[in-house]
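Structural overview
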Amino acid sequence: MKKHYALTGLLCVLCISLTMAQKPTLNKGLKDYYKKYFYMGVAVAPRHLSGPQAELILEQYNSLTPENAMKMGPIHPREDQYFWRDADSIVNFAQHHGLRVRGHNLCWHEQTPDWLFKDSTGKQVTKEVLLKRLHDHIFTVVKRYQGKIYAWDVVNEAIDDDPKNFLRNSLWYQICGEDFIVKAFEYAHEADPKAILFYNDYNTERPEKMERVYKLMKKLVDAKVPVNAVGLQAHWSLEEPSAAELRNTIQKFASLGLKVQITELDISIYPWEKERRALRPGEKGEYTPELEKRQIAKYKEVFEVLRQFKGTVTGVTFWNISDQYTWLDEYPVRGRKNFPLLFDTNLKPKNAYYEVINFKK
């Protein structure tokens, strides 16, 4: 058995070495290779806007998403207080360098401040009060960046994780029912009629969840709610989604007249897990030749599918810049190093990068 494993490892190394030998000299970035297909973006924080990471951003991407700076908790921590500095710095950087910005996000069940759902006595607010607060928040934020942000993730992750349920039993839903979704899109459209408005969610390629997201989108479209597109978060792994699942998902939403973007792309070297847990013995966080080979194949497969939907898929955004830092280092297992992106811990292109750009232009 040991000889078998050694031989397998040697073959993986040889395969990757051959790939490396075929690498082209880089004089363009992802945005250039895909300029005829879709925008190429990345999620950022203010700390990324100077130094080597900023250089990589400008070399590779033409779209930015604030990773956390525009979520309701960070940008609107108290009813009478907004914190603009971080969001402004990202938008100003994008404006200065001619990059597009996706706003993320206006309504979510997480990273939402407690004050939103409570009155001055600590009791849960009424539907009317909550919708008024949602309206004021959306108008204030969207108006501030009108003309500078071309698209918004308006409602994030409203579908429940349990296949037996439809919508997530969040405080939004408990207080407002489905109306919070409808109103969020209406408020965002009223605040900026030119912005492209997205519903954004994860595991959208799993058939049972895709059908529930489709059900929600069809209800909104049929009711003429101003939703324009669906964001597939794309927190994927080496195991999923299959090419057929991804293709079917895009086709399904396109059938409603909706555009699609890949909004939070990373391909974990570990199987999908939702619940947080402690690090287990033996979980070393190693990027082995076998894992690299499988990740290369998955990235190649994903982009082959996405290129087939030119005109429907209008953007791809990676969730973090490089393996130097990824949110998956802390979630769902704190301290378990992950390697889900196209650039390594030294900000250099990985072999998967070359597979992504290696296609007939």
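Computed from a predicted model, the values in this text were never measured in an experiment.

So, the overall build of the protein
From N to C terminus, the protein includes twelve helices and nine strands. A globule of 361 residues ought to have a C-alpha radius of gyration of about 21 Å, and the protein, at 21 Å, matches this closely. Taking the principal axes of its C-alpha atoms as reference, the protein extends roughly 70 × 45 × 40 Å. Buried positions account for 54% of the 361 residues belonging to the protein. Of the roughly 16500 Å² that the protein leaves accessible, carbon and sulfur atoms contribute 52%. Across the protein, 53 positive and 46 negative side-chain charges occur, with their mean positions spaced 4 Å apart.

Points about the side chain of Thr-317
Relative to the helices and strands, Thr-317 resides in strand β9 (residues 313-318). In this structure Thr-317 touches Gly-41, Val-42, Ala-43, Thr-65, Arg-102, Ile-262, Thr-263, Glu-264 and Leu-265, once residues within four positions along its chain are discounted.

Regarding the pattern of salt bridges
Between side chains of opposite charge, pairing is possible as soon as their charged atoms come close. Overall, the coordinates contain 26 salt bridges when judged by the stated rule. The salt bridge involving Lys-127 is made with Asp-179; its shortest N-O contact spans 2.5 Å. Taken as a pair, Lys-127 in helix α6 (residues 127-144) and Asp-179 in helix α8 (residues 179-191) lie far apart in primary sequence, 52 residues in all. On the accessibility criterion, Lys-127 (28% relative accessible area) is partly exposed.

Concerning the confidence of the model for the protein
Taken as a whole, the protein shows an average pLDDT of 93; of its residues, 93% reach a score of 70 or greater. Confidence over residues 1-21 falls short of pLDDT 50; this stretch has twelve contacts with residues more than four positions distant or in other chains.

As for α6
Given a rise of 1.5 Å per residue, 18 residues ought to cover 26 Å, and the 26 Å separating the end C-alpha atoms of α6 matches this to within 8%. If you check which residues of α6 are buried, you get Leu-130, Leu-131, Arg-133, Leu-134, His-137, Ile-138, Phe-139, Val-141 and Val-142. Contacts made by the buried residues of α6 are with α4 (72-75), β3 (100-108), β4 (151-156), α7 (171-176) and α8.

Section: the packing of α6 against α8
Their axes nearest at 9 Å, the elements α6 and α8 cross at an angle of 30°. Accordingly, the angle class assigned to the pair α6 and α8 is roughly parallel. Where α6 crosses over α8, the handedness of that crossing is right-handed. Note on element contacts: α8 touches α6 through Asp-179, Phe-180, Lys-183, Ala-184, Tyr-187, Ala-188, Glu-190 and Ala-191, opposite Lys-127, Leu-131, Leu-134, His-135, Ile-138, Phe-139, Val-142 and Lys-143. Of the residues assigned to the contact of α6 with α8, the class counts are ten nonpolar, one polar and five charged.

Focus on the environment of Ala-223
Turning to its location among the elements, Ala-223 is positioned in the loop between α9 (207-222) and β6 (229-232). The class of Ala-223 is exposed, set by a relative accessible area of 53%. Between the C-alpha atoms of Ala-223 and Pro-163, which are 60 residues apart in sequence, the distance is 24 Å.

Some points on unusual backbone geometry
Only a minority of non-glycine residues have a phi that is not negative, and only a minority of peptide bonds are not trans. A cis amide bond links His-104 with the next residue in sequence, Asn-105, at an omega value of -10°. Within the element layout of this structure, Asn-105 appears in strand β3. Residue Pro-241 follows Glu-240 across a cis peptide bond; omega there is 0°. Following the sequence through the fold, Pro-241 ends up in the loop between β7 (235-237) and α10 (243-254). Positive phi values are uncommon outside glycine, yet Gln-111 reaches one of about 45°. Gln-111 sits in the partly exposed class, given a relative accessible area of 34%. Here the phi dihedral of Asn-320 falls at roughly 100°; this positive angle occurs in a residue that is not glycine. Structurally, Asn-320 can be placed in the loop between β9 and α12 (351-357). We classify Asn-320 as buried; its relative accessible area is 1%.

Here's the deal with the environment of Phe-93
Checked against the element boundaries, Phe-93 lands in helix α5 (residues 85-97). The class for Phe-93 is buried, based on a relative accessible area of 10%. Residues Phe-93 and Pro-46 lie 47 residues apart in sequence; the distance between their C-alpha atoms is 9.2 Å. If we skip the residues at most four places from it in the chain, Phe-93 touches Leu-49, Ala-54, Ile-57, Leu-58, Leu-64 and Leu-99.

A look at the pairing of β3
Burial analysis of β3 places eight of its nine residues in the buried class, the great majority of the element. Where strand β2 (residues 63-66) and β3 come together, two bridges link them in parallel fashion. Its bridge partner lying in β3, Ser-63 is registered against Arg-100. For β3 and β4, the ladder comprises five bridges, and the chain directions are parallel. Counted as the bridge partner of Cys-107 is Val-155 from β4. In terms of handedness, the path from β3 via α6 over to β4 forms a crossover that is right-handed.

Calculation notes
Residues numbered from 1 in each chain as written. Predicted model: local features only at pLDDT ≥ 70, side-chain atom pairs only at ≥ 80, totals over all residues. Heavy atoms only, no water. Helix = DSSP H or I, 4+ residues; strand = E, 2+ residues; numbered from the N terminus. Rg over C-alpha atoms; globule rule 2.2 N^0.38 Å. Buried < 20%, exposed > 50% of the residue type's maximum accessible area, 1.4 Å probe, protein only. Areas by Shrake-Rupley, 256 points an atom, 1.4 Å probe, with all protein chains shown as cover. Lys, Arg positive; Asp, Glu negative; His and termini not counted. Charge placed at Lys NZ, Arg CZ, Asp CG, Glu CD. Contact = heavy atoms within 4.5 Å. Salt bridge = Lys/Arg side-chain N within 4 Å of Asp/Glu carboxyl O. pLDDT = per-residue confidence, 0-100. Expected span 1.5 Å × (residues − 1). Axes fitted to C-alpha atoms, helices over the stretch in contact; angles between N-to-C directions. Parallel < 35°, antiparallel > 145°, perpendicular 65-115°, else oblique. Left-handed = near helix turned anticlockwise from the far one by under 90°. Nonpolar A, V, L, I, M, F, W, Y, C, P; charged D, E, K, R; others polar. Pairing = 2+ DSSP bridges. Right-handed = clockwise from strand over helix to strand, strands pointing away.

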